[in-house]
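Here are the chains, one letter per residue:
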Amino acid sequence: MNTVQLECFVTVAEYMNFSKASQVLKITQPAVSHQIRALEKELDVKLFSRTSKTVSLTREGVQFLGDAQLILKTAMSAKERLGNRDHYISLILGCHNIMELSLFPPVLRELAQEYPLLRPDIRMIPFPSLMGLIENDQVHAALGLKDELKASPLFFRELCCVPLACVCSPEHPLAGHETITKAQLTGSFIACSPRQIPEAIFSVQGMILSELLPEHRYFAENIESAFALAKAQMGYALYPDIIAARDPNLRYIPVTDLPKISFGVYYRYNQDLPALKRFVSLLGRYIRSQSI
């Protein structure tokens, strides 16, 4: 077992696509497949189930994923400590989508002025996986929506509490409203995969979809795809109106009779990194400044 094999395994597990993994790793697809086969042979288990159209982790693959990520992290940390005289400050941050990612640059720019040795690592990871990485101490903190329907062993620091908004193109018939109610939501609706949103929002989606004819229903794999369809005037989507993370090419219309959503940072209760605490403080200040 070596780090090349583990990197191939972790990358394929992340994208569930051998071709995409080969592009990310900058090696050929046959080389990725060879490394995976060699790893499976050494472990004497099958890590992936493959068909002509899909790739999925086997039960053994799911069990091994956390171990592989931890081994890689340990190896990289050891290499960095041995190869550098300076004591760099590692800060591994996670997010779910491009909107959350857009919040990082202004905050990290200011944080880096206070911590010149800061070495941030940002990871954009699907909703179900990110919380587990924090619990296993593979990510220090991650942005996210608070899911009241699920208990979490992690600490959640709220940064803002915002309304669910009807998100549509400026040309959409609903775009002229300043606020809107559920009863006023009309036209085609773009629903997002439950893997990308908390159950609280998914339940609202289900309610809306149940009242629509099939020709007025659109489905998107992630929120970025949903917003792309909204820009194409296919319909409207629902998303928390975090003003600092708004897409300037879309209209956000608060739905007044839907519960507000809490947005913030998840991290472990025993996490005691000064840079992380300062990051959370600066992020909260930045979000508040953009909401005025």
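Computed from a predicted structure; not experimentally measured.

### Some points on the state of the cysteines
- Scanning all chains against the criterion turns up zero disulfides.
- The structure places no disulfide on Cys95, whose sulfur is separated from the nearest cysteine sulfur, that of Cys192, by 14 Å.
- The thiol of Cys168 is not disulfide-bonded; the next cysteine sulfur, from Cys166, is found 4.5 Å away.

### Focus on the UniProt feature "domain: HTH lysR-type" (unreviewed entry) in the chain
- Those places that UniProt annotates as "domain: HTH lysR-type" (unreviewed entry) correspond, in this numbering, to residues 1–58.
- Overall, residues 1–58 shows 62% helix and 10% strand. The separation of its end C-alpha atoms is 19 Å.

### Quick notes on the sheet that holds strand 5 (residues 141–145)
- An order of 4-3-5-12-6 is seen for the five strands of this open sheet, with the pairing classed as mixed. On the outer flanks of this sheet lie strand 4 (118–124) and strand 6 (155–162), each paired with one strand and no other. Across the sheet, the mean angle separating the axes of adjacent strands is 20 degrees when strand polarity is ignored.
- Of the strand pairs in this sheet, strand 6 and strand 12 (residues 261–267) are connected by seven bridges, and their pairing is antiparallel. Bridge pairing in strand 12 places Cys160 opposite Phe263.

### A short note on the packing of helix 1 (residues 3–15) against helix 3 (residues 29–43)
- The geometry of helix 1 relative to helix 3 is characterised by a closest axis approach of 9 Å and an angle of 105 degrees between their N-to-C directions. Compared by their axis directions, helix 1 and helix 3 come out roughly perpendicular. Counted together, Val4, Gln5, Leu6, Cys8, Phe9 and Val12 of helix 1 and Val32, Gln35, Ile36, Ala38, Leu39 and Glu42 of helix 3 form the full contact between these two elements.
- Of the residues belonging to the contact of helix 1 with helix 3, the class tally is nine nonpolar, two polar and one charged.

### Examining the nonpolar core
- Formed by 64 residues in total, the largest nonpolar core has its most connected members in Leu103, Cys166, Phe227, Phe279 and Leu283.
- At eight residues, helix 10 (residues 274–291) tops the list of elements feeding residues into this core.
- Discounting chain neighbours no more than four positions away, the residues touching Cys166 are Leu174, Ile180, Leu185, Tyr236, Ala237, Leu238, Arg251, Tyr252, Ile253 and Val255.
- Formed by 19 residues, the second largest nonpolar core is a distinct cluster that contains Val12, Leu47, Leu57 and Phe64.

### Let's talk about the pattern of salt bridges
- This model, assessed by the stated rule, comprises eight salt bridges.
- The shortest N-O distance in the salt bridge between Asp247 and Lys231 comes to 2.7 Å. You can see Asp247 sitting in the loop between strand 10 (237–240) and strand 11 (251–254) and its partner Lys231 sitting in helix 9 (residues 223–231), a full 16 residues away along the chain.
- Exposure remark for Lys231: the relative accessible area of 37% places this residue in the partly exposed category.

### What to know about the environment of Glu100
- In this fold, Glu100 is placed in helix 5 (residues 98–101).
- In this structure Glu100 comes out as buried when scored by relative accessible area, which is 3%.
- In this structure, the C-alpha to C-alpha distance between Glu100 and Met131, residues 31 residues apart in sequence, is 15 Å.
- Beyond its immediate stretch of four places on either side in the chain, Glu100 contacts Cys95, Leu143, Gly144, Tyr239 and Phe263.
- Separated by 2.8 Å, the side chain of Glu100 and the backbone nitrogen of His96 make a polar contact.

### A few points about helix 9
- All of the buried residues along helix 9 are Ile223, Ala226, Phe227 and Ala230. All buried residues of helix 9 lie within an arc of 95 degrees about the axis, which places them on one face of the element.
- Where helix 9 is buried, its residues contact helix 5, strand 7 (164–168), strand 8 (189–192), strand 9 (217–220), strand 10 and strand 11.
- Between the side-chain oxygen of the N-cap and the backbone nitrogen of Glu224 there are 3.3 Å, and the N-cap of helix 9 in question is Asn222.

### Things to note about the pairing of strand 7
- Of all the five residues making up strand 7, five are buried; the element is thus mostly covered by neighbouring parts of the structure.
- On strand 7, burial covers both faces: Leu164, Cys166 and Cys168 on one face and Ala165 and Val167 on the other are all buried.
- Bridge analysis of strand 7 against strand 10 gives four bridges, and the strand direction is antiparallel. The residue bridging Cys166 from the neighbouring strand is Leu238, located in strand 10.
- Both strand 7 and strand 11 contribute to a ladder of four bridges, which runs antiparallel. Across the sheet, the residue bridging to Cys166 is Ile253, located in strand 11.

### Here we look at the environment of Leu93
- In this structure, Leu93 sits in strand 3 (residues 89–95).
- Each C-alpha atom of the pair Leu93 and Ala230 lies 29 Å from the other, and the pair is 137 residues apart in sequence.
- In this structure, Leu93 is in contact with Phe104, Leu108, Asp121, Ile122, Arg123, Val139, Ala141 and Phe279, ignoring residues within four places of it in sequence.

Reading the values: rules and limits
Residues numbered from 1 in each chain as written. Predicted model: local features only at pLDDT ≥ 70, side-chain atom pairs only at ≥ 80, totals over all residues. Heavy atoms only, no water. Disulfide = S-S within 2.5 Å. UniProt positions renumbered as here; feature names shortened; annotations may be inferred. Helix = DSSP H or I, 4+ residues; strand = E, 2+ residues; numbered from the N terminus. Pairing = 2+ DSSP bridges. Axes fitted to C-alpha atoms, helices over the stretch in contact; angles between N-to-C directions. Parallel < 35°, antiparallel > 145°, perpendicular 65-115°, else oblique. Contact = heavy atoms within 4.5 Å. Nonpolar A, V, L, I, M, F, W, Y, C, P; charged D, E, K, R; others polar. Core = buried A, V, L, I, M, F, W, Y, C linked by side-chain atoms within 4.5 Å. Buried < 20%, exposed > 50% of the residue type's maximum accessible area, 1.4 Å probe, protein only. Salt bridge = Lys/Arg side-chain N within 4 Å of Asp/Glu carboxyl O. Polar contact = N/O pair within 3.5 Å; in protein donor to acceptor, adjacent residues only side chain to side chain. Arc of directions from axis to C-beta.

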